[in-house]
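What follows is the residue order along each chain.
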Amino acid sequence: MKTQVGIIGAGPAGLMLAQTLRLQGIDSVILEMRSEEYVLSRIRAGVLEHPTVEFLHEMGAGDRLAREGMPHEGIDLLFRGEKRRIDFPSLTNGKKVTVYGQQEVVKDLIELKKAFDGQILFEATDVRIVDPESDSPSLSFTYQGEQKTLACEFVAGCDGFHGVARASIPESGLKLFERVYPFAWLGILAEAAPAQDELIYSRHENGFALFSMRSQEVTRLYLQCDPKEDLEHWPDSRVWDELHRRLEAKDGFRVNEGAIMRKDVTPMRSFVCETMRHGRLFLAGDAAHIVPPTGAKGLNLAAGDVKLLSDAFVAYFRSGETGPLDGYEAHALKRIWAAQRFSWFMTRLLHKDPGANAFDQEVQFADLDYYTGTEAGRRTIAENYVGLPFGWPGAA
Ligand code: FAS
Ligand code: PHB
């Protein structure tokens, strides 16, 4: 087997890269270790930034998004019983976000790849990157019980935090940064109509809670919990009681209950691998960085990496230009660190830190008061939440 770009991983990063390359006449093959059913069933991110929505439309993956995605022009921050709204369009020259589940983005992109060339191999296991530092790297893997080799000109490691790509880079060559948080999110998906149209981020005495949604019939909710939380101790009744408690507001807001379809715990970490290139291997998405989901940045950061990387591959295959590939890492890291900062900022602003003393908590509430009570504060949150432009800080 031979292709121009061998892509490891059929998550948002790998699928967006394959689609953008294809539109520029560049061949790629995606090797995905899980089954198609498993990939389509993963419930993850829910908020698409303004630049990500534009990017999906540009790559021809925006039709169902336009029909079924829910545009959102603001969020509420709730603390001490009071909801304060952050309006996006008035603070960002008309920008907003769109609520559209990550699994829907993945579904749309898989259908496009299968319809075009079908070069997406599910249940491709034991992927190994061979000679990434040479001019002729390849991917060895097992597929349908047979040992296979995919010769390629470049390899894109889009295989997430636990993938093989970053692990293939020699330890001495890795520049890593990490912060692990002393809490996690217990997330549920409930068959219940959202009780209001916009998201609520709540800083309650018991801890953080988030009210979100997936459609007019499905509510997505999260509670701050211990990283080692045992779901056995969280029967549905306790989950609802705690959600009502943490999302209670003076305006009488109350979430609607319904059958809980999913319940899981997501650990919280900030992680950056600044080494995003090793020879002809390039990392994009969660393979290179992880953010706490408080800023709704994970999927959107992957999109920003893919935009830069696909433009760089096009420059190379079109005219042999290597500058954009050489500059990919430094350029991508600007927007990655800006999103890391915002995600850390929102996490620190809204969670109950078990290590905080009374002074720290009063400073936190003063922060909440400032960032929701002043135009400067609201603009800071709004322009980061709707998404800094791809190519930031260079791009307008
Ligand atoms: P992904 O992890 O999505 O995709 C990587 C793909 O590579 C997977 O399909 C995997 O099966 C495959 N793979 C891995 N190793 C492989 C190997 N060796 N060989 C072949 N294939 C391999 N972000 C938000 O913005 N909001 C959220 O609420 C949110 N919740 C999350 C909850 C969880 C549990 C997790 C893990 C992440 C969450 N995220 C959230 C972040 C998430 O949305 C990621 O940012 C997004 O999936 C990044 O996409 P990819 O980089 O494509 O990585
Ligand atoms: C979600 O709907 O899953 C969601 C929304 C906003 C976040 C994180 C997750 O910050």
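Residues numbered from 1 in each chain as written. Chains lettered and ligands numbered in written order. Predicted model: local features only at pLDDT ≥ 70, side-chain atom pairs only at ≥ 80, totals over all residues. Heavy atoms only, no water.

Visitor: What is the right way to look at the environment of Glu111 in this model?
Guide: Summarising the element assignment, Glu111 is placed in helix α5 (residues 102-116). Using a relative accessible area of 47% as the deciding quantity, one classes Glu111 as partly exposed. Put simply, Glu111 and Lys307 are 196 residues apart on the chain and 20 Å apart in space, counted from C-alpha to C-alpha. (Helix = DSSP H or I, 4+ residues; strand = E, 2+ residues; numbered from the N terminus. Buried < 20%, exposed > 50% of the residue type's maximum accessible area, 1.4 Å probe, protein only.)

Visitor: Explain the sheet that holds strand β16 (residues 259-273) to me, please; I cannot follow it from the model alone.
Guide: Hydrogen bonds between backbone groups are what pair the strands of a sheet, and the pairing can be parallel or antiparallel. Pairing within the open sheet is mixed, and its 8 strands lie in the order β6-β5-β13-β14-β15-β12-β16-β19. The strands lining the two open edges of the sheet, one partner per strand, are β6 (82-87) and β19 (289-290). Two strands pair when backbone bridges link them, and β16 and β19 are joined in this way by 2 bridges, in the antiparallel orientation. If you follow Val272 over to β19, its bridge partner there is His289. In this fold helix α6 (residues 236-246) packs onto β5 (74-79), β12 (176-191), β13 (199-204), β14 (207-213), β15 (219-225) and β16, with an angle of close to 85° to the strand it touches most, β15. Most of the contacts of helix α8 (residues 323-350) go to β16, to which it runs at about 125°, and overall it touches β5, β12, β13, β14, β16 and β19. (Pairing = 2+ DSSP bridges. Contact = heavy atoms within 4.5 Å. Axes fitted to C-alpha atoms, helices over the stretch in contact; angles between N-to-C directions.)

Visitor: Please clarify how the packing of aromatic side chains should be interpreted in this entry.
Guide: For any pair of aromatic rings, geometry is given as the distance between the ring centres together with the angle between the planes. Scanning all chains against the criterion turns up 21 aromatic pairs. With a centroid separation of 5.2 Å and an interplanar angle of 80°, the aromatic rings of Tyr316 and Phe317 are classed as edge-to-face. A connected cluster of aromatic rings, assembled from ring pairs, spans Phe88, Trp185, Tyr201, Phe208, Tyr222 and Tyr385. Just above the ring of Trp234 sits the side chain of Arg238; from NZ or CZ to the centre is 3.6 Å. (Phe/Tyr/Trp six-rings, centres within 6.5 Å; stacked < 30°, edge-to-face > 60°. Lys NZ or Arg CZ within 6 Å of the ring centre and 35° of its normal.)

Visitor: Is there a simple way to think about the site of ligand 1 in this case?
Guide: The local shell around ligand 1 holds 28 residues, among which Glu32, Arg42, Arg44, Gln102 and Asp286 are the closest. At 2.5 Å, a side-chain N or O of Gln102 approaches an oxygen atom of ligand 1. Here an oxygen atom of ligand 1 and a backbone polar atom of Asp286 are 2.8 Å apart. Mapped onto the shell around ligand 1, the elements with two or more residues apiece are α1 (12-23) and α7 (298-319). For the shell around ligand 1, the residue count by class is 13 nonpolar, 8 polar and 7 charged. (Near = heavy atom within 4 Å. Polar contact = N/O pair within 3.5 Å; in protein donor to acceptor, adjacent residues only side chain to side chain. Nonpolar A, V, L, I, M, F, W, Y, C, P; charged D, E, K, R; others polar.)

Visitor: Would you take a moment to explain the sheet that holds strand β7 (residues 97-99) for this structure?
Guide: Across the sheet, which stays open at both edges, the 3 strands sit in the order β3-β7-β4 with antiparallel pairing between neighbours. Each edge of the open sheet is held by one strand with a lone partner, namely β3 (47-48) and β4 (70-72).

Visitor: Help me out: how do you make sense of the side chain of Thr347 in this one?
Guide: Looking at the element boundaries, Thr347 is found in helix α8. A polar atom in the side chain of Thr347 sits 2.6 Å from the backbone oxygen of Ser343. Setting aside residues no more than four positions away along its own chain, Thr347 makes contact with Tyr181, Phe183, Met268, Pro292 and Thr294.

Visitor: So what exactly am I meant to see when it comes to the site of ligand 2 here?
Guide: Taken together, 14 residues form the shell around ligand 2, and within it Tyr201, Ser212, Arg214, Tyr222 and Pro293 come nearest. The side chain of Tyr201 places a nitrogen or oxygen atom 2.7 Å from an oxygen atom of ligand 2. A distance of 2.8 Å is found between an oxygen atom of ligand 2 and a side-chain nitrogen or oxygen belonging to Arg214. Coverage of ligand 2 by the protein amounts to 97% of the 280 Å² it exposes when considered alone. Residue assignment for the shell around ligand 2 shows that the elements contributing at least two residues are β13, β14 and β15. (Areas by Shrake-Rupley, 256 points an atom, 1.4 Å probe, with all protein chains shown as cover.)

Visitor: I'm lost on the packing of α1 against α5 in this one. Help?
Guide: Two measures define how a pair of helices packs: the angle their axes make with one another and the distance between the axes. Between α1 and α5, the shortest axis-to-axis distance is 9 Å and the interhelical angle comes to 40°. Viewed along their axes, α1 and α5 adopt a mutual orientation that is oblique. Of the two elements, α1 crosses α5, and the hand of that crossing is left-handed. Contacts between α1 and α5 involve Pro12, Leu15, Met16, Ala18, Gln19 and Arg22 on the former and, on the latter, Gln102, Val106, Leu109, Ile110, Leu112, Lys113 and Phe116. Looking at the contact of α1 with α5 residue by residue, the classes come out as 9 nonpolar, 2 polar and 2 charged. (Parallel < 35°, antiparallel > 145°, perpendicular 65-115°, else oblique. Left-handed = near helix turned anticlockwise from the far one by under 90°.)

Visitor: Before we go on, may I ask you to explain the nonpolar core in this structure?
Guide: As a rule of thumb, soluble globular proteins bury nonpolar side chains together. Of all hydrophobic cores here, the largest spans 75 residues; its most connected members are Met16, Leu17, Leu139 and Phe313. Those residues in contact with Met16, other than ones at most four positions away along the chain, are Phe55, Leu56, Met59, Leu109, Leu299, Ala302, Ala303 and Val306. Grouped together as the second largest cluster of nonpolar side chains are 54 residues, Met70, Ala209, Leu223 and Met268 included. (Core = buried A, V, L, I, M, F, W, Y, C linked by side-chain atoms within 4.5 Å.)

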